[in-house]
Amino acid sequence: MDGPRSPITSSKEYASFRASVTQKKIVVELGDQEYIWRIYDFGPRDVRCPLVCLPPVSGTADVFFYQLMGLCCQGYRVISIDYPVLWSHEDFCEAFLVLLDQLRLDEIHLYGASLGGFLAQKFAQYTRHCQRVQTLILNNAFTDTAAFTSIPSPTTLRLMPAFMLKRLVLGSYPQNVLEANIANSVDFMVERLDLLTRGELASRLVLNVADGYVEPQHIAAQNIKVMLIDALDHSAITQSVREELYKCYPQGRIAELKDGGNFPYLSRPDQVNLFIQLHLRAFEGTRYSARDDFTNDSPASTPTLQLSSSAKTPPRQPTRDLIASPAPVTLQSEDEDDDL
């Protein structure tokens with residue numbers, strides 16, 4: 001990568017991740033097409049219902065490296081994926097299903113960010129006749145692509161050059177000065193965006209705007225546990241889109257961060273990891289546990305990763321940015337049941 005690297009890319013945590021976790025390429029055949037999935041799979045292999053992370057439009061599989069490293073240290077198996085070039089929601093669901101079959105995973109827990117959250121819901125709906133999803137953890141997600149009317153049509157996106165596609169994505173990033181860890185997360189995501197080919201980025205944007213919506217009754221009928229993680233500061237998702245997501249899951253758990261920006265899994269990984277552990281704790285001791293049940297550490301007792309000197313780092317301007325201070329996180333249920 002040309003030029004100076006972002007603070008996250010230069011960090012010891014990211015270097016440790018790259019040294020510890022090998023990226024795998026898995027070829028999936030669907031009809032007469034082959035799709036190459038790039039994945040990171042870390043944690044105990046005897047766990048048969050792992051947490052699978054789906055990135056946003058601009059993300060690659062390594063954007064969840066804090067979750068891979070932090071949760072796996074607590075005994076969880078975590079898989080993070082990169083999408084191949086796919087042009088429809090149905091193609092994604094079919095290709096992802098074949099991928100899970102090749103990984104010999106009958107059921108999974110899904111954590112999706114933005115586009116990844118939408119695709120996670122679509123996959124849970126797609127497999128309703130033979131359930132494959134136990135949990136949905138949705139971060140800055142949406143339920144209807146009609147929310148993105150300002151983005152060009154799928155036909156136009158297929159023809160646009162790479163620099164124009166990147167400009168569309170960068171336009172959703174904050175422009176002002178941010179708290180340091182949020183700024184670092186933006187810079188890291190800009191680097192990931194630069195790694196995507198024109199075809200990869202175009203296909204993701206098409207998936208983001210192609211006509212499609214989630215039918216939450218099909219998810220509720222499967223008794224899938226849903227948790228919604230939201231940072232309450234700047235987000236590319238509007239308040240009306242967020243409220244529509246809440247309406248679709250009236251029994252869903254709401255995990256709120258006072259700040260964290262668009263990418264809290266990078267800017268507030270300890271807090272996000274703790275939310276994930278609390279949500280998955282209900283499955284421990286069952287065949288749907290994402291965790292090696294012989295691990296003795298309490299999931300609620302120890303945050304998994306500590307960001308180095310985050311409180312001492314002054315605000316700065318990344319590629320774009322917002323000033324916020326670290327604050328307590330809250331977890332609540334829309335049915336006012338606080339117990340996980």
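Remember, it's a predicted structure, so these values are computed and weren't measured experimentally. (Residues numbered from 1 in each chain as written. Predicted model: local features only at pLDDT ≥ 70, side-chain atom pairs only at ≥ 80, totals over all residues. Heavy atoms only, no water.)

Visitor: Before we move on, could you go through the packing of helix α1 (residues 12-20) against helix α2 (residues 65-72) and cite the residues and values that matter?
Guide: Running from amino to carboxyl end, α1 crosses α2 at an angle of 75°, the nearest separation of the two axes being 10 Å. In terms of axis orientation, α1 runs roughly perpendicular to α2. Residues Glu13, Tyr14, Ser16, Phe17 and Ser20 of α1 touch α2, and the partners they reach there are Phe65, Tyr66, Leu68 and Met69. Residue composition of the contact of α1 with α2, by class: six nonpolar, two polar and one charged. (Axes fitted to C-alpha atoms, helices over the stretch in contact; angles between N-to-C directions. Helix = DSSP H or I, 4+ residues; strand = E, 2+ residues; numbered from the N terminus. Parallel < 35°, antiparallel > 145°, perpendicular 65-115°, else oblique. Contact = heavy atoms within 4.5 Å. Nonpolar A, V, L, I, M, F, W, Y, C, P; charged D, E, K, R; others polar.)

Visitor: Summarise the side chain of Ser289; cite the residues concerned and give the values.
Guide: Here Ser289 lies in the loop between α12 (269-280) and β9 (330-333). Residue classification places Ser289 among the buried residues on the basis of a relative accessible area of 5%. For Ser289, the side chain forms a polar contact with the main-chain oxygen of Arg291, separated by 3.0 Å. Discounting chain neighbours no more than four positions away, the residues touching Ser289 are Val47, Cys49, Phe283 and Glu284. (Buried < 20%, exposed > 50% of the residue type's maximum accessible area, 1.4 Å probe, protein only. Polar contact = N/O pair within 3.5 Å; in protein donor to acceptor, adjacent residues only side chain to side chain.)

Visitor: Describe the packing of aromatic side chains, with residues and values.
Guide: With the rule as written, the count across this model stands at 19 aromatic pairs. Residues Trp37 and Phe92 carry aromatic rings whose centres are separated by 6.2 Å and whose planes lie at 55° to one another, so their mutual orientation is tilted. Residue Trp37 is located in strand β2 (residues 33-42), and its partner Phe92 is located in helix α3 (residues 89-102); the two are separated by 55 residues in the primary sequence. A single burial state applies to Trp37 and to Phe92, both of which are buried. Ring geometry for Phe92 against Phe96: centres 5.4 Å apart, planes inclined by 15°, an arrangement best described as stacked. Of this pair, Phe92 and Phe96 both sit in helix α3, four residues apart, which is roughly one turn of that helix. On the basis of relative accessibility, which here comes to 0%, the residue Phe96 falls in the buried class. Members of the aromatic cluster, connected to one another through ring pairs, are Tyr14, Phe17, Tyr40, Phe65, Tyr66 and Phe188. The ring of Trp87 carries the charged tip of Arg158 above its face, separated from the ring centre by 4.2 Å. The ring of Phe188 is capped by Arg192, whose NZ or CZ atom sits 4.1 Å from the centre of that ring. (Phe/Tyr/Trp six-rings, centres within 6.5 Å; stacked < 30°, edge-to-face > 60°. Lys NZ or Arg CZ within 6 Å of the ring centre and 35° of its normal.)

Visitor: Quick one: what's the story with α3, residue by residue and with numbers?
Guide: Taking 1.5 Å as the rise per residue, α3 with 14 residues should run 20 Å; its terminal C-alpha atoms sit 20 Å apart, in good agreement. Taken together, the buried positions of α3 are His89, Phe92, Cys93, Ala95, Phe96, Leu99 and Leu100. Just past α3, the residue Arg104 takes up positive phi, approximately 60°. (Expected span 1.5 Å × (residues − 1).)

Visitor: Describe in detail the environment of Thr149, supporting the description with residues and values.
Guide: Looking at the element boundaries, Thr149 is found in the loop between β6 (133-139) and α5 (154-159). Placed 60 residues apart in sequence, Thr149 and Val209 show a C-alpha to C-alpha distance of 7.7 Å.

Visitor: Tell me about the nonpolar core, and name the residues and values.
Guide: Residues Trp37, Leu54, Phe92, Phe96, Leu110, Leu136 and Tyr265 are the most contacted members of the largest nonpolar core, which totals 102 residues. Top contributing element to this core by residue count: helix α7 (residues 180-195), with seven residues. (Core = buried A, V, L, I, M, F, W, Y, C linked by side-chain atoms within 4.5 Å.)

Visitor: Tell me about the confidence of the model for the protein chain, and name the residues and values.
Guide: Overall, the prediction assigns the protein chain a mean pLDDT of 87, with 85% of residues at 70 or greater. Per-residue pLDDT stays below 50 along residues 296-330; that stretch engages in 95 contacts with residues further than four places along the chain or on separate chains. Of the regions scoring below 50 in pLDDT, residues 336-340 engages in 11 contacts with residues more than four places distant in sequence or in other chains. (pLDDT = per-residue confidence, 0-100.)

Visitor: Summarise the environment of Tyr76; cite the residues concerned and give the values.
Guide: Here Tyr76 is to be found in the loop between α2 and β4 (78-82). Spatially, the C-alpha atoms of Tyr76 and Gly43 are 5.8 Å apart, while their sequence positions differ by 33 residues. A polar side-chain atom of Tyr76 sits 3.4 Å from a polar atom in the side chain of Glu284.

Visitor: Summarise the packing of α3 against helix α4 (residues 115-126); cite the residues concerned and give the values.
Guide: Two numbers describe how α3 lies on α4: the axes approach to 10 Å, and their chain directions differ by 75°. The angle between the axes of α3 and α4 places the two elements in the roughly perpendicular class. Contacts from His89, Glu90, Phe92, Cys93, Glu94, Phe96, Leu97 and Leu100 in α3 reach Phe118, Leu119, Lys122, Phe123 and Tyr126 in α4.

Visitor: Pulling in residues and values, what's your account of helix α10 (residues 239-248)?
Guide: Restricting attention to buried positions, one finds in α10 the residues Val241, Arg242, Leu245, Tyr246 and Cys248. One side of α10 carries all its buried residues, which in axial view fall inside an arc of 160°. Away from the buried face of α10 by more than 90 degrees, exposed residues Ser240 and Lys247 are located. Considering only its buried residues, α10 is in contact with α4, β6, α9 (216-220), β7 (225-231) and β8 (253-257). (Arc of directions from axis to C-beta.)

Visitor: With reference to specific residues and values, describe the pattern of salt bridges.
Guide: The full count for this structure, using the stated rule, is 13 salt bridges. The partner of Lys166 in a salt bridge is Asp194, with the nearest N and O atoms 3.6 Å apart. Of the two residues, Lys166 is situated in helix α6 (residues 162-170) and Asp194 in helix α7; the sequence distance between them amounts to 28 residues. Accessibility expressed as a relative area gives 47% for Asp194, which makes it partly exposed. Beyond isolated ion pairs, a larger network of salt bridges with shared partners links Arg38, Asp82, Glu200 and Arg204. (Salt bridge = Lys/Arg side-chain N within 4 Å of Asp/Glu carboxyl O.)

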